[in-house]
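This is what each chain is made of:
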Amino acid sequence: MSLITKQDRISVRQFAPVPALVGLPEITRSAQPLSTSTSLQGPECELEVDLELEEGCMVTKLVKYTHRVVYFIKNTSKGDPVEVENIIKDLDIVPFVNFALDQPCNLAFLESYIHTSLDVYAFIAITPTLSTLDSLIQMVKSNNDYRQSQMDKTGRTYLRNLDFTAQCYTDPEYELVALHPEHFLPNGSPLVVYDPVTQGHKLYVVARDRCLRQSVDPNSDPFPPFHHHAKARGEYLDPNVFLVALNADIKFRRYLKMGCTRPPPTPLPDHVLALMHRTIELVDLLYWWPISTEDSQTSSDSWACSKLKRHEIRAMNPVSYDNAFVIGDVFMAGTVDGTVPE
């Protein structure tokens, strides 16, 4: 289930503790929610979804009746998704107005054991590749810089305006990051991947460098980057790359925090850690909000201190606030290129 932190960010409940198994050490987790989070009490409720099972597992491309649906952004324990959905709307990272958690852009099929490894135990994460992250970071940072410059010049707060036609958004490339590779594939268990083109299979195991490869040899082929293509989905309904990154960010932050107190005997490779930090950088940029000089004297967190203003924008125009900006407390519509109308 989702939690909303004191910084108005989306998080999740603690991942499940992992018992020792076939020589693998246990992974302990705190029994309480994060100290910065407020738990939303009540039975967890998932929403009804409409996906074609034929699209197969996002990671392995295998088609099975036993696949499960992953929500990259989960519902709250109250069963009312509005609070979480409003945060996503505030981020302006979805190219349509009425975002909902049960829309295909927030969903994908995963094999059941991969779903459990991702969602329950956080053995793995799915995140954009480094090249995709670089392009996304450049896009978001450029827009953030523009919005801050307009705040400095005019005192007006422009909402985010991203290029949803860019390839890094429409056809992102993903990587499977094994945070606890030996627990994900214990005792030599393989990860089987299907190639729809050749109709063949490849097997991947945990190599000696703790990466997933075709053999234990660190020089063997690594688990390749992958895309998500579903012919039955409409435009912009493939998994939203920013929602995928938000999901991975939570896992990476928890893993790095745990590593400070209980570091693994053998650390993950440098390129994996670099990918994790780059994902965190993107998510920090997504939560960024332009801040005036006056606001900066009272808060170092631009996203948190702008919460009231963002919610006022949505309340003033609940249908659409695309290309909008704020003048004081007045909501106004902007033009397509983000300039101020005459």
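Calculation criteria
Residues numbered from 1 in each chain as written. Predicted model: local features only at pLDDT ≥ 70, side-chain atom pairs only at ≥ 80, totals over all residues. Heavy atoms only, no water. Buried < 20%, exposed > 50% of the residue type's maximum accessible area, 1.4 Å probe, protein only. Helix = DSSP H or I, 4+ residues; strand = E, 2+ residues; numbered from the N terminus. Pairing = 2+ DSSP bridges. Salt bridge = Lys/Arg side-chain N within 4 Å of Asp/Glu carboxyl O. Core = buried A, V, L, I, M, F, W, Y, C linked by side-chain atoms within 4.5 Å. Contact = heavy atoms within 4.5 Å. Polar contact = N/O pair within 3.5 Å; in protein donor to acceptor, adjacent residues only side chain to side chain. pLDDT = per-residue confidence, 0-100. Axes fitted to C-alpha atoms, helices over the stretch in contact; angles between N-to-C directions. Parallel < 35°, antiparallel > 145°, perpendicular 65-115°, else oblique. Left-handed = near helix turned anticlockwise from the far one by under 90°. Nonpolar A, V, L, I, M, F, W, Y, C, P; charged D, E, K, R; others polar.

Student: Account for the pairing of strand β6 (residues 124-128), naming residues and giving values.
Tutor: A large share of β6 lies buried, amounting to five of its five residues. Pairing of β6 with strand β8 (residues 174-178) involves five bridges; the strand directions are antiparallel. Counterpart to A125 in the pairing with β8 is V177.

Student: So what's going on with the pattern of salt bridges? Residues and values would help.
Tutor: With the rule as written, the count across this model stands at 11 salt bridges. As a salt-bridge pair, D284 and R9 come within 2.8 Å of each other at their nearest N and O atoms. Linking D284 in helix α7 (residues 270-287) with R9 in the loop between β1 (2-5) and β2 (10-12), this pair joins segments that are 275 residues apart in sequence. Two residues, D145 and K141, come together in a salt bridge whose shortest N-O distance is 3.2 Å. Of this pair, D145 and K141 both sit in helix α3 (residues 130-154), separated by four residues, roughly a single helical turn.

Student: Now, about the sheet that holds strand β11 (residues 212-213): what can you tell me, with residues and values included?
Tutor: Picture the strands of a sheet paired through backbone hydrogen bonds; they go either parallel or antiparallel. Here three strands make up an open sheet; going across it, the order is β9-β10-β11 and the pairing antiparallel. Bordering the open sheet on either side are β9 (191-195) and β11, each of which pairs with just one other strand. Pairing analysis gives five bridges linking β9 to strand β10 (residues 200-206), with the strands arranged antiparallel. Within β10, the position partnered with V192 by the bridge is L203.

Student: Residues and numbers for the nonpolar core, please.
Tutor: In this structure, I88, I93, I126, L176, L191, F242 and L246 are the most contacted members of the largest nonpolar core, which totals 71 residues. With 10 residues, the single largest contributor to this core is helix α6 (residues 241-261). Those residues within four positions of L191 in sequence are excluded, and the remaining contacts are T60, Y113, I114, L176, F184, L185, K202, L203, Y204, L212 and F223. Grouped together as the second largest cluster of nonpolar side chains are five residues, L51, Y71, L107 and F109 included.

Student: Go over the environment of D171 with me, naming the residues and quoting the values.
Tutor: Structurally, D171 can be placed in the loop between α4 (167-170) and β8. Considered as a pair, D171 and H228 are 57 residues apart in the sequence and their alpha carbons are 7.9 Å apart. Residue contacts for D171: discarding those within four places in its chain leaves H227 and H229. Only 3.0 Å separates the side chain of D171 from the side chain of H227, close enough to count as a polar contact. Among the polar contacts listed, one links the side chain of D171 to the side chain of H229, at a separation of 2.8 Å.

Student: Run through the confidence of the model for the protein chain, naming residues and quoting values.
Tutor: Mean pLDDT over the protein chain: 84, with 80% of residues reaching 70 or higher. Scored below 50 in pLDDT, residues 32-47 shows 44 contacts in the model against residues more than four places distant or in partner chains. Scored below 50 in pLDDT, residues 317-342 makes 60 contacts in the model with residues more than four places away or belonging to other chains.

Student: Residue-level account of the packing of α6 against α7, with values.
Tutor: Their axes nearest at 9 Å, the elements α6 and α7 cross at an angle of 120°. As the angle between them shows, α6 and α7 are arranged oblique. Between α6 and α7 lies a crossing whose hand is left-handed. Along the contact surface, α6 presents F242, A245, L246, A248, D249, F252, R253, Y255 and L256, while α7 presents L273, M276, H277, T279, I280, L282, V283, D284, L286 and Y287. Its residues assigned to classes, the contact of α6 with α7 shows 14 nonpolar, two polar and three charged.

Student: Describe in detail the side chain of D249, supporting the description with residues and values.
Tutor: Assignment of secondary structure puts D249 in helix α6. Not counting the four nearest positions on each side in its chain, D249 is found in contact with T279, I280 and V283.

Student: Tell me about helix α1 (residues 82-91), residues and numbers included.
Tutor: Of all the 10 residues making up α1, seven are buried; the element is thus mostly covered by neighbouring parts of the structure. Taken residue by residue, α1 has V84, E85, N86, I87, I88, D90 and L91 as its buried positions. Where α1 ends, the next residue or the one after it, D92, has phi of about 55°, a positive value.

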